[in-house]
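Okay, here's what each chain looks like letter by letter:
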Amino acid sequence: MRINSFGEKPLSSLEMSMTIASMLIGVGILTLPRAVATYTRSFDGWMSILLAGCVALLAGLLVSKVAIRAGNKTFLDYSVTLVGKPVTYIIAALQFSYFLGFCSYEARAIANISKQYLFDRTPVEYISLAFILVVVYGVSGSRSGLLRLNVLFLPSVLLMVIIVVCFGYRWFEFTNLQPFFITPPIGIMQGMREVIYSLLGFEIILYYIVFMERPEKATKSVLSGIAVSVVIYLVIYQLVVGIFSNIGAMNIVYPTIELAKEIQFPGNFFERFESLFFVIWIMTVFNTAAMGFDLANECMSFLFKKLSKRYRLLIIAPISYLVCMTPGDMAEFSTLGTMISYMAILSGILLPISLLMFGGKKKKEEKVDDKSSA
């Protein structure tokens, strides 16, 4: 392949939007209706989704501003200019832990779902190992080419969503959405928290903005990627509640997959649509896990500059597998997801926003010093 191949060209704002959407639409959409229905009643979870979407849009706006202000530098290099190397090493270690945990969580989730729906006789350990090895293979190549996979796979995912929505409305019952506005505010807030966890991941713009053709449009890309994800979450949630009811959604582990199982094409010319749906969704989960693994490698390269990429991947892979296999049951797996979400909020949102505020304050102080010296 030539050096100036298509995969090495800068990404447009649309392609970056697709990358952000792919990062957000992962395992979360398969369990989101159950998580929201657990804390809300009837169809009131739509308020939780919209409120969480607004919070995510605000956070995405601020995080993208940090990425734009960094210019041609990576986020960690920009952090060094503001707070120095010692503090940046701490930030890099936190973000390394987050991205590594994110990749491990996605791998364990896809292993659990695969065992339940596809490989009921295959141990979870082997499924997780195979998935992580494929992720390592994908990350070993070009980083720009890895991002291009989002552009390749996302249209297929959106097509699956459209098919599920179009054919799923045959069993839709509007009465399952009633009555409206019966959930107390505390329930709306708890449901909103679960949705926010599913909308984390847009902070990858801090690292991938260097691949954009026009970095100044990063904010538009992040906001549009979040907006697309919120719309998909809202549509899927409405369909799940309309078909299974709120109580049914609460008691189904993976409501979105069960929704795909209800799809029947006219004439029954295609059976077991959920198998095709699941295969397409595995590609999306691969994208999200691969980007998490790639960014963990990026953070590790900052911490250990002398290590080559090959050795870094050989170190990260077994650690990721051990973290992946740490949860012994679904309760511990859910706890792992919550811990990773907290780390995402701390290292991916609060710390970059703090740097944004600190950078603005530093610029003002420099202007005051220049005026006084003049």
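Reading the values: rules and limits
Residues numbered from 1 in each chain as written. Predicted model: local features only at pLDDT ≥ 70, side-chain atom pairs only at ≥ 80, totals over all residues. Heavy atoms only, no water. Helix = DSSP H or I, 4+ residues; strand = E, 2+ residues; numbered from the N terminus. Rg over C-alpha atoms; globule rule 2.2 N^0.38 Å. Buried < 20%, exposed > 50% of the residue type's maximum accessible area, 1.4 Å probe, protein only. Contact = heavy atoms within 4.5 Å. Areas by Shrake-Rupley, 256 points an atom, 1.4 Å probe, with all protein chains shown as cover. Expected span 1.5 Å × (residues − 1). Core = buried A, V, L, I, M, F, W, Y, C linked by side-chain atoms within 4.5 Å. Phe/Tyr/Trp six-rings, centres within 6.5 Å; stacked < 30°, edge-to-face > 60°. Axes fitted to C-alpha atoms, helices over the stretch in contact; angles between N-to-C directions. Parallel < 35°, antiparallel > 145°, perpendicular 65-115°, else oblique. Left-handed = near helix turned anticlockwise from the far one by under 90°. pLDDT = per-residue confidence, 0-100. Salt bridge = Lys/Arg side-chain N within 4 Å of Asp/Glu carboxyl O.

Quick look at the overall build of the protein
Turning to step 1, where the next piece is worked out: Within the protein one finds 14 helices and zero strands.
Turning to step 2, where the next piece is worked out: Along its sequence from the N terminus, the protein presents helices and strands in the succession α-α-α-α-α-α-α-α-α-α-α-α-α-α.
Turning to step 3, where the next piece is worked out: In terms of overall dimensions, the protein is globule-like: its C-alpha atoms have a radius of gyration of 21 Å, near the 21 Å expected for 374 residues.
Turning to step 4, where the next piece is worked out: Relative to its full complement of 374 residues, the protein shows a buried share of 52%.
Turning to step 5, where the next piece is worked out: A separation of at least 24 residues holds for 84% of the contacts in the protein among residues at least 6 apart in sequence.
Turning to step 6, where the next piece is worked out: When the accessible surface of the protein is summed, it comes to about 17,300 Å², and 66% of that surface belongs to carbon and sulfur atoms.

Brief notes about helix α3 (residues 45-70)
Turning to step 1, where the next piece is worked out: Compared with an ideal rise of 1.5 Å per residue, which puts 26 residues at 38 Å, α3 spans 37 Å between its outermost C-alpha atoms and is within 8% of the ideal.
Turning to step 2, where the next piece is worked out: Looking one or two residues beyond α3, the residue adopting positive phi is G71, at roughly 70°.

Some thoughts on the environment of I20
Turning to step 1, where the next piece is worked out: If you trace the backbone, I20 turns up in helix α1 (residues 13-24).
Turning to step 2, where the next piece is worked out: You can call I20 buried: its relative accessible area is 0%.
Turning to step 3, where the next piece is worked out: With sequence-adjacent residues up to four places away left out, I20 is seen in contact with F202, I204, I205, S221, V222, G225 and I226.

Side note on unusual backbone geometry
Most peptide bonds take the trans configuration, and most residues that are not glycine carry a negative phi.
Turning to step 1, where the next piece is worked out: For the bond from Q178 to P179, the omega torsion is -5°, close enough to zero to count as cis.
Turning to step 2, where the next piece is worked out: In the Ramachandran plot, S42 falls in the positive-phi region, its phi being about 50° despite a non-glycine side chain.
Turning to step 3, where the next piece is worked out: Tracing the chain through its elements places S42 in the loop between α2 (28-39) and α3.
Turning to step 4, where the next piece is worked out: Relative accessible area serves as the criterion here: at 8%, S42 is assigned to the buried category.
Turning to step 5, where the next piece is worked out: Phi at S245 takes a positive value of approximately 75°, unusual for a residue other than glycine.

Some points on the nonpolar core
Turning to step 1, where the next piece is worked out: Counting 121 residues, the largest nonpolar core has V135, F202, I205, F277, W281 and F293 as its most contacted members.
Turning to step 2, where the next piece is worked out: Here this core gets 16 residues from one element, more than from any other, and that element is helix α12 (residues 273-303).
Turning to step 3, where the next piece is worked out: Ignoring any residue separated from it by four or fewer positions in sequence, one finds I205 in contact with M16, I20, V63, S64, A67, M212, A218 and V222.

Some thoughts on the packing of aromatic side chains
By convention here, two paired aromatic rings are described through the distance between centres and the angle between planes.
Turning to step 1, where the next piece is worked out: One pass over the structure, following the stated rule, counts 13 aromatic pairs.
Turning to step 2, where the next piece is worked out: Between Y98 and F102 the ring centres are 6.2 Å apart and the planes differ by 65°, which places this aromatic pair in the edge-to-face class. With a gap of four residues between them, Y98 and F102 both fall in helix α5 (residues 85-117), about one helical turn apart.
Turning to step 3, where the next piece is worked out: Look at F102 and you get buried, because its relative accessible area is 9%.
Turning to step 4, where the next piece is worked out: Measuring from centroid to centroid gives 6.1 Å for Y197 and Y342, while their planes differ by 85°, and the two rings are edge-to-face. On the criterion of sequence distance, the pair formed by Y197 in helix α8 (residues 185-198) and Y342 in helix α14 (residues 330-373) is long-range, its members being 145 residues apart.
Turning to step 5, where the next piece is worked out: Its relative accessible area of 16% is what places Y197 among the buried residues.
Turning to step 6, where the next piece is worked out: Taken together through their ring pairs, the aromatic side chains of F75, Y98, F99, F102 and Y207 make up a single cluster.

Observations regarding the packing of α5 against helix α6 (residues 124-139)
Turning to step 1, where the next piece is worked out: The contact between α5 and α6 brings their axes to 9 Å, and the two run at 130°. Overall, the two elements α5 and α6 adopt an arrangement that is oblique. In terms of crossing hand, the pair formed by α5 and α6 is right-handed. In this structure, α5 uses C103, A107, R108, I110, A111, N112, S114 and K115 to contact α6, whose residues at the interface are V124, I127, S128, F131, I132 and V135.

A look at the confidence of the model for the protein
Turning to step 1, where the next piece is worked out: Averaged over every residue, the pLDDT of the protein is 87; the share at 70 or more is 92%.
Turning to step 2, where the next piece is worked out: With pLDDT under 50 throughout, residues 1-7 is counted as low confidence; its partners more than four residues away or in other chains account for six contacts.

Details of the pattern of salt bridges
Turning to step 1, where the next piece is worked out: Tallying each qualifying case throughout the model produces six salt bridges.
Turning to step 2, where the next piece is worked out: Residue E216 pairs with R214 through a salt bridge whose shortest N-O separation is 3.0 Å.
Turning to step 3, where the next piece is worked out: What makes E216 partly exposed here is its relative accessible area of 48%.
Turning to step 4, where the next piece is worked out: Accessibility expressed as a relative area gives 44% for R214, which makes it partly exposed.
Turning to step 5, where the next piece is worked out: The salt bridge involving E258 is made with K261; its shortest N-O contact spans 3.9 Å. Placement of the pair is E258 and K261 together in helix α11 (residues 255-261), with a separation of three residues, close to one helical turn.
Turning to step 6, where the next piece is worked out: Overall, K261 belongs to the partly exposed group, its relative accessible area being 38%.

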